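# Residue-level structure breakdown
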Amino acid sequence: MPMVSVWVGLIVWCEQGMYWWRTGWNPHRQRAIYAWHSAAEPARAAHRVALRYAELRRSHPLSPLIDGAQPCP
């Protein structure tokens, strides 16, 4: 199954013509909540994933150690 890790808590995979990713947790049902989008519309799926990525970046910023690291020469 093809998948890519985008950020902490955001893995997107493709299965049966759909892109899937986790969007949260339902504490009442004790299970994950998932979003999906048709693989026939990759640009729209990418936009939705980018929105989730931005949301996670706000709630899980880089650690100071990584944020202050120098780029490789």
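The coordinates are above.
A brief report on the enclosed structure follows. (Residues numbered from 1 in each chain as written. Predicted model: local features only at pLDDT ≥ 70, side-chain atom pairs only at ≥ 80, totals over all residues. Heavy atoms only, no water.)

### Here's the deal with the pairing of strand 2 (residues 10–15)
Each regular strand shows side chains that alternate between the opposite faces of the sheet. Basically, it comes down to this: DSSP bridges decide pairing: two strands pair if at least two such bridges lie between them. Elements are defined by DSSP. Helices are runs of H or I of four residues or more, strands are runs of E of two residues or more, and each kind is numbered from the N terminus.
Sheet topology note: the strand 1 (residues 3–7)/strand 2 ladder contains four bridges and is antiparallel. Note on strand 2: the bridge partner recorded for Ser-5 is Ile-11. In sequence, strand 1 turns back onto strand 2 through a hairpin of two residues, with Gly-9 there showing a positive phi of about 80°. The turn joining strand 2 and strand 3 (residues 18–26), which pair antiparallel and follow one another in sequence, is formed by two residues; a positive phi near 50° is taken by Gln-16.

### A few points about the pattern of salt bridges
Where charged atoms of side chains with opposite charge meet at close range, the side chains can pair. The criterion, for reference: Think of a salt bridge as a Lys or Arg side-chain nitrogen and an Asp or Glu carboxyl oxygen that are within 4 Å of each other. Summary of the burial criterion: residues with accessible area below 20% of their type's maximum are buried, those above 50% are exposed, and those between are partly exposed, where the area comes from a 1.4 Å probe applied to protein chains only.
This model, assessed by the stated rule, comprises two salt bridges. For the salt bridge of Arg-44 with Glu-41, the shortest nitrogen-to-oxygen distance reads 3.4 Å. Under the relative-accessibility criterion, Arg-44 is labelled exposed at 53%. Under the relative-accessibility criterion, Glu-41 is labelled partly exposed at 33%.

### Digging into the environment of Gly-24
Cut-off, in case you're wondering: The criterion used for residue contact is that any of the two residues' heavy atoms lie within 4.5 Å.
Locating Gly-24 in the fold gives a position in strand 3. A C-alpha to C-alpha distance of 20 Å links Gly-24 and Arg-44, two positions 20 residues apart in sequence. Ignoring any residue separated from it by four or fewer positions in sequence, one finds Gly-24 in contact with Ala-32, Ile-33 and Arg-52.

### With respect to a nonpolar patch on the surface
Here is the rule: A patch consists of residues whose relative accessible area exceeds 30% and which take part in no salt bridge; residues with like charges are grouped when within 9 Å of each other, and nonpolar side chains (Val, Leu, Ile, Met, Phe, Trp, Tyr) when within 5 Å. Only the protein chains shown count as cover for residues, and all accessible areas are computed by the Shrake-Rupley method using a 1.4 Å probe.
A contiguous nonpolar surface patch, about 330 Å² in accessible area, is contributed by Met-1, Met-3 and Ile-11. Among the secondary structure elements, Met-1 is positioned in the segment before strand 1. You can call Met-1 exposed: its relative accessible area is 59%.

### A look at the pairing of strand 4 (residues 31–38)
Bridging between strand 3 and strand 4 involves eight bridges; their strand directions are antiparallel. Across the sheet, the residue bridging to Met-18 is Ser-38, located in strand 4. What sits between strand 3 and strand 4 in their antiparallel hairpin is a turn of four residues, with Gln-30 showing a positive phi close to 55°.

### Looking at the packing of aromatic side chains
We apply this condition: Pairing of aromatic rings covers Phe, Tyr and Trp, the last through its six-membered ring, and needs centres within 6.5 Å; plane angles under 30 degrees mean stacked, over 60 mean edge-to-face, and all others mean tilted.
In total, this model carries three aromatic pairs according to the counting rule given. Arranged with centres 5.8 Å apart and planes meeting at 80°, the rings of Trp-13 and Tyr-34 form a pair that is edge-to-face. You can see Trp-13 sitting in strand 2 and its partner Tyr-34 sitting in strand 4, a full 21 residues away along the chain. You can call Trp-13 buried: its relative accessible area is 19%. Here Trp-20 and Trp-36 contribute two aromatic rings whose centre-to-centre distance is 6.4 Å and whose plane-to-plane angle is 40°, an arrangement assigned as tilted. Of this pair, Trp-20 sits in strand 3 while Trp-36 sits in strand 4; the two residues are 16 residues apart in sequence, bridging distant segments of the chain. A relative accessible area of 25% means that Trp-20 is categorised as partly exposed. Judged by its relative accessible area of 45%, Trp-36 is partly exposed.

The values reported here are purely geometric and, on their own, carry no functional implication.
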